[in-house]
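Coordinate inspection notes
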Amino acid sequence: MKDLTPAKHTLDPIEIASRDEIAALQLDRLKWSLNHAYQNVPHYKAAFDAAGIHPDDLTSLSDLAKFPFTTKQDLRANYPFGMFAVPRKDVKRIHASSGTTGQPTVVGYTENDLKNWGNVVARSLRAAGLQPGDLLHNAYGYGLFTGGLGIHLGADALGLTTIPISGGMTPRQVRLIEDFKPKGITVTPSYALSVLDEFDAQNLDPRASSLEVGIFGAEPWTNAMRTEIEQAFDMHAVDIYGLSEVIGPGVSMECVETKDGLHIWEDHFFPEIIDPNTGQPVEDGEMGELVFTSLTKEAFPIIRYRTRDLTRLLPGTARSMRRMEKVTGRSDDMIILRGVNVFPTQIEECLMATPGLAPHFQIELTKPDRMDQMRVLCEATNGGDSTDAARALASRIKQTIGISVKVDVAHPGSVERSQGKAVRIVDKR
Ligand code: DLL
C-alpha cells in the first residue's frame, strides 16, 4: 500500500491549531448557535425555557451540560420543517432519513451550510489521502440519504473528479472500477464486500485494481473487517462517520496515516459523551453515548442531539481535534441475550477471527419456549468445511462474549447482500 499521508501545508490551519485556539473558537460559535436556535426555532425556545436556561447563561463550554437534550422524537414531533431556523425559501437543500423505523427525519441546509458541509467532507477526503485531481468512485446512495450527495459536495470542494455511480448494479460497479481506474472509493463496508464478491464472480483480481483507498462509513464496522478489506483490495481502508441530523458524512474522519479512530471536526460539531442512563456527561476516555451540538449550522441548528451511537472520546493525534473511537454500535442495536449485552460488531469480530468463514453475516433472534435465542447465519469460503467452521465460531462467541448461539454456515451467496447499510439483525421475537 502506498503512503498517502497528506502534506501538512494542504491541511486547514484549524486542523492542527492549539487546543486553546480550538476551544476559543468553539465557545464563540456555541454562543451564536444556542442563540440562533433559541430565537428562531420554537422547539428550542420552549425546551430551554422549560429547563430554566437561557443562551446567555453559557459562559464556558462545560455550561452546555445545563441545556436540554434533543432527541429523534423531538425531530419527529416537528415534522417536516418545524426545526428549521430560517425561512423555507432560504433552505437550499433538504435531506431525510429513510424512515424505516417510523416517520422520516427531515433536515435542511442553507447555501452557507452546504459550503461548510462541502468543506468538512473535503477535509475528510484529504485525510483519507485524496488530492485535487484524483478520481473518486462514489458508491454511496444518491437521493434523500446524505451519503451520495454529501460526499459529492466534498469531492467538488476538494477538486476531485467524481464518478457519481451511487449504490447497486454491482456488475457495473466492477466494470467502471476496471475501466475508469479510480484512486478512491466511497461506499458502505458491507456493500464493499458485495463489490468484492463481484470481482470474484468476474474472475478479476481486486488487488490488481487501481484503488488505493476506501472510505467506509454509514454503519459500524470493525478493525478486523478493515484488515480483511485492506488485504482483499490491497488498499487503505479508513472510517468516515456522520449522521443526517448533525450534517451527514464528514462529522468525523480517520486519518490514513494513523487509522486510530476518527478526528471530530470540532470547529463545526461539539461532541460530548454521556451516560445513556443518567444523561450525565462522562470524562474523555469513558464509553457512553455520543451527543452533538452544531456550531455553525444555519438552517437546522441541533443542540445536544442524542445520537444513540456508543463510543468514547480520545485526545488528538494526527490532528489537534479530539478523536472518537470506532463506533461499537447504536444503543438500539444492542441485543440483550439472557442478560448479556451483545453488539453485532462483536459477532463480526468473532466471525473474522474464524478461519473458513466469509465476512457476510446476519443475526436472527427468536424466542422459542420464552427464552431468547440467537442464530448467526454466515457463509463458508469456497471449499471450507462448514461443520468445523460453525463449531469454531460458536465456541469463539461463547469464550469471548459469553453467550451460546446457534451458528449456521450456508453456501456462498445465501446471506442477504447489502447495497447500502447492512441489515444485521432480523428480530423474529
Ligand atoms: O449514514 C451519514 C454517512 C454517510 C456517514 C456516508 C458516513 C458515510 P444517517 O443515514 O443519518 O447518516 O445514519 C447515521 O449511521 O448515527 C450511526 O449509527 C451510523 N453511522 C454512520 N457512520 C458510521 C460509522 C449517514 N463510520 C447513523 N461507523 C449514525 C459506525 C456509523 N456507524
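The structure under discussion appears in the preceding block.
Conventions and cut-offs
- Residues numbered from 1 in each chain as written.
- Predicted model: local features only at pLDDT ≥ 70, side-chain atom pairs only at ≥ 80, totals over all residues.
- Heavy atoms only, no water.
- Helix = DSSP H or I, 4+ residues; strand = E, 2+ residues; numbered from the N terminus.
- Buried < 20%, exposed > 50% of the residue type's maximum accessible area, 1.4 Å probe, protein only.
- Polar contact = N/O pair within 3.5 Å; in protein donor to acceptor, adjacent residues only side chain to side chain.
- Contact = heavy atoms within 4.5 Å.
- 1 Å grid on protein atoms, 1.4 Å probe; cavity = no way out; pocket = protein on both sides within 12 Å on 5 of 7 lines; lining within 4 Å.
- Points joined across faces, edges and corners; volume = space filled by probe spheres on them.
- Nonpolar A, V, L, I, M, F, W, Y, C, P; charged D, E, K, R; others polar.
- Pairing = 2+ DSSP bridges.
- Axes fitted to C-alpha atoms, helices over the stretch in contact; angles between N-to-C directions.
- Phe/Tyr/Trp six-rings, centres within 6.5 Å; stacked < 30°, edge-to-face > 60°.

For the rest of this paragraph, the subject is the side chain of threonine 222. One can find threonine 222 in the loop between strand 6 (213-217) and helix 8 (223-233). For threonine 222, a relative accessible area of 4% translates into the label buried. Looking at threonine 222, its side chain comes within polar contact range of the side chain of glutamate 348, at 2.6 Å. Discounting residues that sit within four places of it in the chain, threonine 222 has contacts with Lys326, Thr345, Glu348 and Glu349.

Once that is clear, we can look at the layout of surface pockets. Here the second largest pocket defines a volume of roughly 310 Å³. What lines the second largest pocket is a set of 16 residues, and nearest its centre among them are Asp197, Asp200, Ala358, Thr381 and Asn382. At the level of elements, helix 7 (189-201), helix 8, strand 18 (357-366) and strand 19 (373-380) are the ones that each hand at least two residues to the lining of the second largest pocket. Broken down by element, the lining of the second largest pocket gets its largest block of residues, four residues, from helix 7. Of the residues belonging to the lining of the second largest pocket, the class tally is eight nonpolar, three polar and five charged.

The strand order across the open sheet built from nine strands is 4-3-5-6-7-8-9-14-13, with neighbouring strands paired in mixed fashion. Each edge of the open sheet is held by one strand with a lone partner, namely strand 4 (161-163) and strand 13 (313-314). Where strand 3 (residues 135-138) and strand 5 (residues 184-187) come together, three bridges link them in parallel fashion. Its bridge partner lying in strand 5, leucine 136 is registered against glycine 184. Across the face of the sheet, helix 4 (residues 111-127) comes into contact with strand 3, strand 5, strand 6, strand 7 (236-243) and strand 8 (248-254) while running at roughly 35° to strand 8.

Turning our attention to the packing of aromatic side chains. On inspection of all chains with the given rule, the structure shows nine aromatic pairs. Where phenylalanine 199 meets phenylalanine 233, the ring centres are 5.9 Å apart and the plane angle is 90°; that geometry is what we call edge-to-face. Taken together, the positions of phenylalanine 199 in helix 7 and phenylalanine 233 in helix 8 put the pair 34 residues apart, joining distant regions of the chain. Pair check on accessibility: phenylalanine 199 and phenylalanine 233 agree, each one buried. Seen from their ring centres, phenylalanine 216 and tryptophan 221 are 5.4 Å apart, and the 70° between their planes marks the pair as edge-to-face. Each of the two residues, phenylalanine 216 as well as tryptophan 221, counts as buried.

Within a beta sheet, neighbouring strands are joined by backbone hydrogen bonds and run either parallel or antiparallel to one another. Judged by pairing direction, the sheet is antiparallel, and its four strands sit side by side in the order 10-11-12-15 without closing on themselves. The outermost strands of the open sheet, each flanked by one partner alone, are strand 10 (269-274) and strand 15 (329-330). Inspection of the sheet shows strand 11 (residues 288-294) paired to strand 12 (residues 305-311) by four bridges, in the antiparallel sense. Looking at strand 12, one finds that glycine 288 is bridged to threonine 311.

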